[in-house]
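# Descriptive structure summary
Chain by chain, the residues:
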Amino acid sequence: MSLPSTHLFIQTLILGILVGGVYALMASGLTLIFGVMKVINVAHGAFLILGAYLTYVLFQWIKLDPILSIVITMPLFFLFGWLLQRYVFSRIENPEQTSVLVTFALALILEGLLGAIFQTTARSVTPSYSTATLIIATYRIPVTRLAGFVVALVVLLILYYILQYTRLGRAVRATIQDPRAAQLVGVKVSMVSAFTFALGVATAAAGGSLLSMIYTFNPASQGDWVAKTLAIIVLGGMGSLPGALVAALILGVMEQLTAIVISLYWSPIVFYIFLFLTLIVRPQGLMGEVIREKG
Amino acid sequence: MPMLSASNVSKSFGGIKAVDSCSIAVERGSITGLIGPNGSGKTTLFNIITGFYTLDEGTVLLEEKPIHGLKPNRIYHRGIGRTFQITRLFWKMTVLENMIVPVKQLGLRTLMSQGVKNYEEEKAMELLEMVGLEKFRNEEARKLSFGQQKLVELAAVLMSDPAMILLDEPAGGVNPVMIEKMMDLVDDLNQKGTTFLLVEHNMRLVMELCQHIVVLDHGQKIAEGGPADIQNNPLVLEAYLGSTQNANATT
Amino acid sequence: MAKFFHSTPALVAVIFVVGIISPWIVPNQYYQHIIVMTLMAAVMASSWNIIGGYAGYTSLGHAAFFGLGGYLVAWTHNHYGWHPFVSVWFLSLIVVVVALIMGWIALRTQGSAFVVVTIAIVFIFRLLALNLSSITNGANGLTQPRPGWGGVPWSPELIKIPFLYFFLVLLCLTIFASWWIRNSKFGLGLIAIREDEGKAESVGIDTMMYKVLAFGVSAYFVAVAGGIYSYFFTYIDPTFIFDVFVSVTMVLMAILGGRGTLWGPVLGAFIMQPLSIWVVGAFGGSSIHLSVFGGILLLVMLFMPQGILPAVSESLNKRKQVQSPAKDAR
């Protein structure tokens, strides 16, 4: 264990923020789905990895740049999510109880299929700039990280725009705030649920595309990512998008710092520590609402 | 010194103040009514007293000791039982099982004890007989009629001999015969020493049963007194009429 | 006849006797292996059922306790020479303490958040096992000497039998504990928590304490199973044993048979474990068995979420009502 110099510290900070932006995109779908439907989509990690594999296939097949592939993967996943919610999940009787296991079953099915098709070899998408680094004011900034950060922010901004200014988006926000009140003013729950789930899965596609060029992945990675994105949304406050952004940045930075100061192999533990600490000290997270007490 | 006193209790949800600096006192041995138009904060106050909500401001004292901030199970141990506006039972359990779920106090020996103890069963049957439901002891709770379920809910609460019971709309959705039965029951228990605080919309029940009545409107106490005072209080009439006027305006 | 099936001691006795004589009925090692694994699965599913079935809190974290039991046994065996069949009983108590602590944190959440927090527990342990390599030997895992007694290894033809008997005894103990809990006030309280946690609080049940206790107890038998498992296979490593899939198999078995019932998890294990061994064998090293499990879980959750035993008893009850409608007249 060695304390970093100021330069290394700032370097790590920058890297942490860049990575945090991508984490925020990955977690956004999960927190949105929870905010509206009050369920944790345990298949979220599997969707991320599915997105990563799809990007990988597109890259191998037609050399499509992973960032550009978002244009294809997002609409595809949006449709997929919409259909899934509309025709499968909506038929579940007791969503609060059974949705966890149903989504977990889905995650297992996906992991198994991906493993059967792609084997468990670690994959990664390596566009031409995958090893390129920019040097800005003596700080080394990997191009993939920077590109990922920018793209993540763009997608998050689009998401924000949709939620703030479109009719459906406002309906989603109203439902998060107060589902009963929203229903009273005419919001259709089934429509909002389908739209939200679709949005959540679509952002997973984008997150997966970015993931594919920043990390290595295999089918089993889906479990890691579920745990990490859950840690982010718990810290940020479940259902809060701004919270997810803040939490993702914090965790991104903490993760990088731990990698430098302690060791790379210990860095994932940051997520779990924060998850548990949040649950002990402030269960509603940074920006979540105190869960309405039992009544 | 009142048995239960809530002082300057406030509770907000989001931007809405459900209970606004409300103070009520329940005298020992009384049947106190809590009335007011819909949305006046009655059930919120109930939930605060019984530990389901945490208050933002104020105190709730039972026998001069603070109970605000305690969890519902501790409050039950302190001697306050409650029923729910929408009856809550363990639907798939039998009536008898519902009766023996309540826990008076903690103890490892009690936890591990097997089956139903004789004294528990005796007491449960005694209470079931009091409400006339002893024949249903082995029926699943969900098979009973609505009114019968309400009686079971009350009987189960009585298992721990609470000193005070909060009834949340005991006459809600119940037929007149059952209402009479419940009023007799409450009166009977009250004669034997149980204090009652009840939220109710049925005015006849409130005026006949309650010795003291507190009126809430928009989260604040606007009046209190005996039945006669309340019936003739212009503020009370306005609160109810006002709410009817509003209801008429939006239809 | 029905009364026989309702008598827990009778059924346990039958299982015990059949188990004792099974090595003579089934001298084939491969089938003995399946029996050992099935008994172990039944132990794990029944143990999980205490928190997952009675209290209704779906934990996917029990793989952590399974693995921790395995590691404790393996380590003490290698360093102190403690024989697993003896040491596992009190080493698992350490795992219970860990579970109580984990539960105290995790049980602040409910529903789906709780499930994912328990998933995180498994990952934490995997991370610890991988990185604290001076103790755990990291990714290389821990190996134990060939099973035997007093320094003398058991002969290869008979090697499955001591494990078969061990898990047989463990299963009887687990079922007994589950039965004891179910009939106690504690168990009634857990079921009340499952049915309506808020109502349970309102009638005096300290739900947090009950849940944490149930979580801790449910970890015990799983830890014992894990300890002996590490001995049976003479090898464990972090990625293999701290795997959410281990938790999922327990959960699926309990749910398939009927979570919250006494015998449901046992039934589920007796069905699923031989099936899963077959599936893994049939599809070789491919991950497709994950999809098969996922598919079964999905089907069960969509079409028979209460499980086999409750579904069967429901349809039997319906038949009884049809046959004697007079009984319902009050």
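Residues numbered from 1 in each chain as written. Chains lettered and ligands numbered in written order. Predicted model: local features only at pLDDT ≥ 70, side-chain atom pairs only at ≥ 80, totals over all residues.

Here we come to the overall build of chain C. The secondary structure content of chain C amounts to 16 helices and four strands. Radius of gyration (C-alpha) of chain C: 20 Å, near the 20 Å computed for a compact globule of 330 residues. When the backbone C-alpha atoms are referred to their principal axes, chain C occupies close to 70 × 50 × 35 Å. For chain C, buried positions account for 51% of its 330 residues. Relative to all contacts within chain C whose residues are 6 or more apart in sequence, the contacts with residues 24 or more apart total 78%. (Helix = DSSP H or I, 4+ residues; strand = E, 2+ residues; numbered from the N terminus. Rg over C-alpha atoms; globule rule 2.2 N^0.38 Å. Buried ≥ 20, exposed ≤ 12 C-beta atoms within 10 Å, placed from the backbone. Contact = placed C-beta atoms within 7 Å.)

When helices and strands are counted, chain B shows 10 helices and 10 strands. Referenced to the eigenvectors of the C-alpha coordinate spread, the extents of chain B come out at roughly 55 × 40 × 35 Å. Counting over 251 residues, chain B shows a buried share of 42%. A fraction of 68% describes how many contacts in chain B between residues 6 or more apart in sequence connect residues 24 or more apart.

Turning our eyes to something else, we now look at the confidence of the model for chain C. Residues and elements named next belong to chain C. Per-residue pLDDT for chain C averages 90, and the proportion of residues at 70 or more is 95%. Confidence over residues 326-330 falls short of pLDDT 50; this stretch has one contact with residues more than four positions distant or in other chains. For this predicted complex, the interface confidence comes out at an ipTM of 0.89, alongside a pTM of 0.89. (pLDDT = per-residue confidence, 0-100.)

It is worth spelling out the interface of chain C and chain A at this point. Contact residues are listed per partner, giving 35 residues for chain C and 39 residues for chain A. Of all the secondary-structure elements, those providing two or more residues to the side of chain C that touches chain A are α6 (111-131), α10 (197-202), α13 (244-257) and α15 (288-303) of chain C. Partitioning the side of chain C that touches chain A into residue classes produces 20 nonpolar, 12 polar and three charged. (Nonpolar A, V, L, I, M, F, W, Y, C, P; charged D, E, K, R; others polar.)

Within a beta sheet, neighbouring strands are joined by backbone hydrogen bonds and run either parallel or antiparallel to one another. All names here are of chain B. Taken in spatial order, the four strands line up as β2-β1-β4-β5 in an open sheet, and their pairing is antiparallel. Since the sheet does not close on itself, it has two edges, and those belong to β2 (16-26) and β5 (65-66), each with one partner. Sheet topology places strand β1 (residues 4-13) next to β2; seven bridges connect them, and they run antiparallel. The partner of Phe-13 across the bridge, within β2, is Ile-16. Where helix α1 (residues 42-49) meets the sheet, its contacts fall on β1, β2 and β4 (57-62), and the angle it forms with β1 comes to roughly 115 degrees. (Pairing = 2+ DSSP bridges. Axes fitted to C-alpha atoms, helices over the stretch in contact; angles between N-to-C directions.)

Okay, the interface of chain C and chain B next. With 16 residues of chain C at the contact, the number on the chain B side is 25 residues. At the level of secondary structure, the elements contributing two or more residues to the side of chain C that touches chain B comprise α9 (185-195) and α10 of chain C. For the side of chain C that touches chain B, the element with the most residues is α9 of chain C, which contributes six residues. Of the residues belonging to the side of chain C that touches chain B, the class tally is five nonpolar, five polar and six charged.

Before going further, it helps to examine the sheet that holds strand β8 (residues 195-199) of chain B. All names here are of chain B. Ordered in space as β6-β7-β8-β3-β9-β10, the six strands form an open sheet in which the pairing is mixed. The sheet terminates laterally at β6 (80-82) and β10 (220-225), the two strands that pair on one side only. Each neighbouring strand pair of the sheet contributes to a mean axis angle of 20 degrees, computed without reference to strand direction.

Moving on, we get to the pairing of β1 of chain B. Residue and element names in this part refer to chain B. Between β1 and the antiparallel strand that follows it, β2, lie two residues; Gly-14 among them carries a positive phi value of about 60 degrees. Both β1 and β4 contribute to a ladder of five bridges, which runs antiparallel. Of the residues in β4, the one forming a bridge with Ser-5 is Leu-61.

This brings us to the environment of Thr-261 of chain C. Residues and elements named next belong to chain C. Inspection of the secondary structure puts Thr-261 in the loop between α13 and α14 (264-282). A count of 23 C-beta atoms within 10 Å places Thr-261 in the buried class. Setting aside chain neighbours within four positions, we find Thr-261 in contact with Leu-309 and Pro-310.

With that out of the way, let us pick up the packing of helix α9 (residues 221-236) of chain A against helix α10 (residues 241-261) of chain A. All names here are of chain A. Look at α9 against α10: their axes get within 7 Å of each other, and the N-to-C directions meet at 120 degrees. As the angle between them shows, α9 and α10 are arranged oblique. Relative to α10, α9 is oriented so that their crossing is right-handed. Here Ala-231, Ile-232, Ile-233, Leu-235 and Gly-236 of α9 come into contact with α10, specifically with Gly-243, Ala-244, Val-246, Ala-247, Ala-248 and Leu-251. (Parallel < 35°, antiparallel > 145°, perpendicular 65-115°, else oblique. Left-handed = near helix turned anticlockwise from the far one by under 90°.)

On to the pairing of β4 of chain B, then. All names here are of chain B. With two bridges joining them, β4 and β5 adopt antiparallel strand pairing. From the neighbouring strand, Leu-62 faces β5, where its bridge partner is Lys-65. In this structure, the hairpin formed by β4 and β5 is closed by a connection of two residues, where Glu-63 is found at a positive phi of approximately 50 degrees.

All names here are of chain C. Within the secondary structure, Leu-309 sits in helix α16 (residues 308-323). On the basis of neighbour count, Leu-309 is assigned to the buried category, with 21 C-beta atoms found within 10 Å. Sequence separation between Leu-309 and Leu-299 is 10 residues, and the spatial gap between their C-alpha atoms is 16 Å. Residues in contact with Leu-309, not counting those within four places in the same chain, are Gly-257, Gly-258, Thr-261, Trp-263, Gly-264 and Leu-267.

Residue and element names in this part refer to chain A. Contact pair helix α5 (residues 143-165) / helix α6 (residues 167-177): the axes reach a minimum separation of 5 Å and the direction vectors enclose 85 degrees. Judged by the angle between their axes, α5 and α6 are roughly perpendicular. Of the residues in α6, those touching α5 at Ile-162, Leu-163, Gln-164 and Tyr-165 are Gly-169, Val-172 and Arg-173. Taken together, the residues of the contact of α5 with α6 sort by class into four nonpolar, two polar and one charged.

A few words on the nonpolar core. Residues Ala-231 of chain A together with Ala-120, Phe-167 and Ala-225 of chain C are the most contacted members of the largest nonpolar core, which totals 273 residues. Filtering out sequence-adjacent residues up to four positions away, Ala-231 of chain A remains in contact with Leu-251, Phe-271, Tyr-272, Phe-274 and Leu-275 of chain A together with Ala-120 of chain C. (Core = buried A, V, L, I, M, F, W, Y, C linked by C-beta atoms within 7 Å.)

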